[in-house]
Structure formats: structure tokens, C-alpha cells
Amino acid sequence: MQRIEKIDPATASAEASKLLGAVKNQMGTVPNILATMARSPATLEGYLGLSGALSKGKLSAKLREQIALTVAGENACDYCASVHTAVGGQLGIDANELRANLRGQSEDNKVMEALNFARRIVEDRGFVNDTDLTLIRAAGYSDEEIVEIIANVMVNIFTNYFNHIAGTEIDFPVVDSRSKIAA
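Below is a short write-up of the structure. Keep in mind that what you see is a predicted model, and the values were worked out from it rather than measured.

This next bit is on the overall build of the protein. The number of helices and strands found in the protein is 9 helices and 0 strands. When its helices and strands are written in sequence order, the protein yields α-α-α-α-α-α-α-α-α. The globule rule puts the C-alpha radius of gyration for 183 residues at 16 Å, and the 16 Å found for the protein is close to it. Taken along its principal axes, the extent of the C-alpha atoms in the protein is 50 × 30 × 30 Å. Of all 183 residues assigned to the protein, the portion counted as buried reaches 45%. In the protein, once contacts between residues fewer than 6 apart in sequence are set aside, the share between residues at least 24 apart is 69%. If you average the places of the 18 positive and of the 23 negative side-chain charges in the protein, the two averages end up 3 Å apart.

Structural data, given as C-alpha cells:
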């Protein structure tokens, strides 16, 4: 049950309505998380702005989804596990890889290092050590990409915690992050 109710676009403020309209035009629908964030148009605008900016960065859409799954698994966020499993599948990531990503694993060694780094950020609350940076750089990631990994982890921690607090109703095929098995 949602603890913070989503906004009905028909009764939303002009500012929230404009943002939700843009989401619907881009995605064809308004996911419950975004309709709930619209309770604060400033929050929704900030989230959309940062997410949009990161989509223009060096990291591929696939890797961003894989990082999101790892963070969702670490934070036991069923909403985000569900969303990012669905989106990752749409991007062509196979079901076995999606399940592995939710556990912070990958068959691809370079992706695995990015997921290890993301997991360390979450586990150690940002206090990674020099070895963590050495390993991610040795895997071939530039400092620009490392900064983007940090930003992607951060935006996903925000959505994980937001969903925990709001109790966002899952509007995607449900994935149980605690079992870490994608449906």
C-alpha cells in the first residue's frame, strides 16, 4: 500500500502537470514512482534533470540499467528491481544477465568491475578505498566514467529510498529484490 499517494495528472498543479505530460510524451505512460515524486514538482524536476543528464554521459544505457539493478539488489528495492529488469530486457540484456546483475554479478569482466565498484559504494557508503579505484581503472574505466558510475549509484539510492518510504505500488512485472531472482 502506498504511504505517499501518487498525483492524479488530471488534478495536478500546473507545474506537476507539465512535468508529468513530458514524461507521458516520452515514455507513453507515467510510472507510479514519477507520479508520486510529482507531489513535489521540484523533486520530480530534479530527478528528471539528473537522469536526463546522465543519459547523455559516457556510460551506455545497458550499463546504467545494470548498475541500477545492482543498487536495487543491495538496497532490497522491489520497485527498482522490477523497473530496471523490464527496461534492461527492452535494451536486450538477457534474463540470466539481469538476474546476475541484481546480485551484483555479470558474465562480462568489465561490467563486473563496474558492478563491484557500485556495490562497494553502497556497502561502504561512499568510502571506497584506493584498491577499489585501482581495480575500476584497471578494468578500463576513465575518471569520467567513474564519476558517472558514482552519480548513477547515487540517483538509484535516491529512488530506492524514495520507494521504501513512499511504498510505491509496483506497476511493472514484479521482481523480488530480496530473492534476487528476476521474473
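All told, the structure shown has 6 salt bridges when counted by the stated rule. Across the pair Arg120 and Asp124 runs a salt bridge, and its minimum N-O distance is 2.8 Å. When its relative accessible area of 29% is taken as the criterion, Arg120 is described as partly exposed. Several salt bridges share partner residues, and in doing so they unite Asp78, Asp176 and Arg178 into one network.

Moving on, we come to the nonpolar core. Ranked by size, the top nonpolar core spans 30 residues in total, and within it Leu34, Met37 and Leu44 carry the most contacts. Of all elements in the fold, only helix H1 (14–27), helix H2 (32–37), helix H3 (41–55), helix H4 (61–74), helix H5 (78–90), helix H6 (95–102) and helix H9 (143–166) reach the threshold of two or more residues within this core. Every residue in contact with Met37, bar those within four places of it in the chain, is listed here: Thr43, Leu44, Tyr47, Phe158, Thr159 and Phe162. Within the second largest apolar cluster, 16 residues are counted, among which are Ile67, Leu115, Tyr141 and Val153.

Structurally, Leu98 can be placed in helix H6. Here the alpha-carbon distance between Leu98 and Glu65, two residues 33 residues apart in the chain, equals 9.1 Å. In contact with Leu98, other than residues within four places in its own chain, are Leu69, His84, Thr85, Gly88, Gly89 and Ile93.

So, on to the state of the cysteines. Where two cysteines share a covalent bond between their sulfur atoms, that bond is called a disulfide. For the structure on display, the rule yields 0 disulfides. Not part of a disulfide, Cys77 finds its nearest cysteine sulfur in Cys80, a span of 3.6 Å.

Criteria and thresholds
Residues numbered from 1 in each chain as written. Predicted model: local features only at pLDDT ≥ 70, side-chain atom pairs only at ≥ 80, totals over all residues. Heavy atoms only, no water. Helix = DSSP H or I, 4+ residues; strand = E, 2+ residues; numbered from the N terminus. Rg over C-alpha atoms; globule rule 2.2 N^0.38 Å. Buried < 20%, exposed > 50% of the residue type's maximum accessible area, 1.4 Å probe, protein only. Contact = heavy atoms within 4.5 Å. Lys, Arg positive; Asp, Glu negative; His and termini not counted. Charge placed at Lys NZ, Arg CZ, Asp CG, Glu CD. Salt bridge = Lys/Arg side-chain N within 4 Å of Asp/Glu carboxyl O. Core = buried A, V, L, I, M, F, W, Y, C linked by side-chain atoms within 4.5 Å. Disulfide = S-S within 2.5 Å.

Remember that the coordinates give geometry; whether it matters functionally is a separate question.
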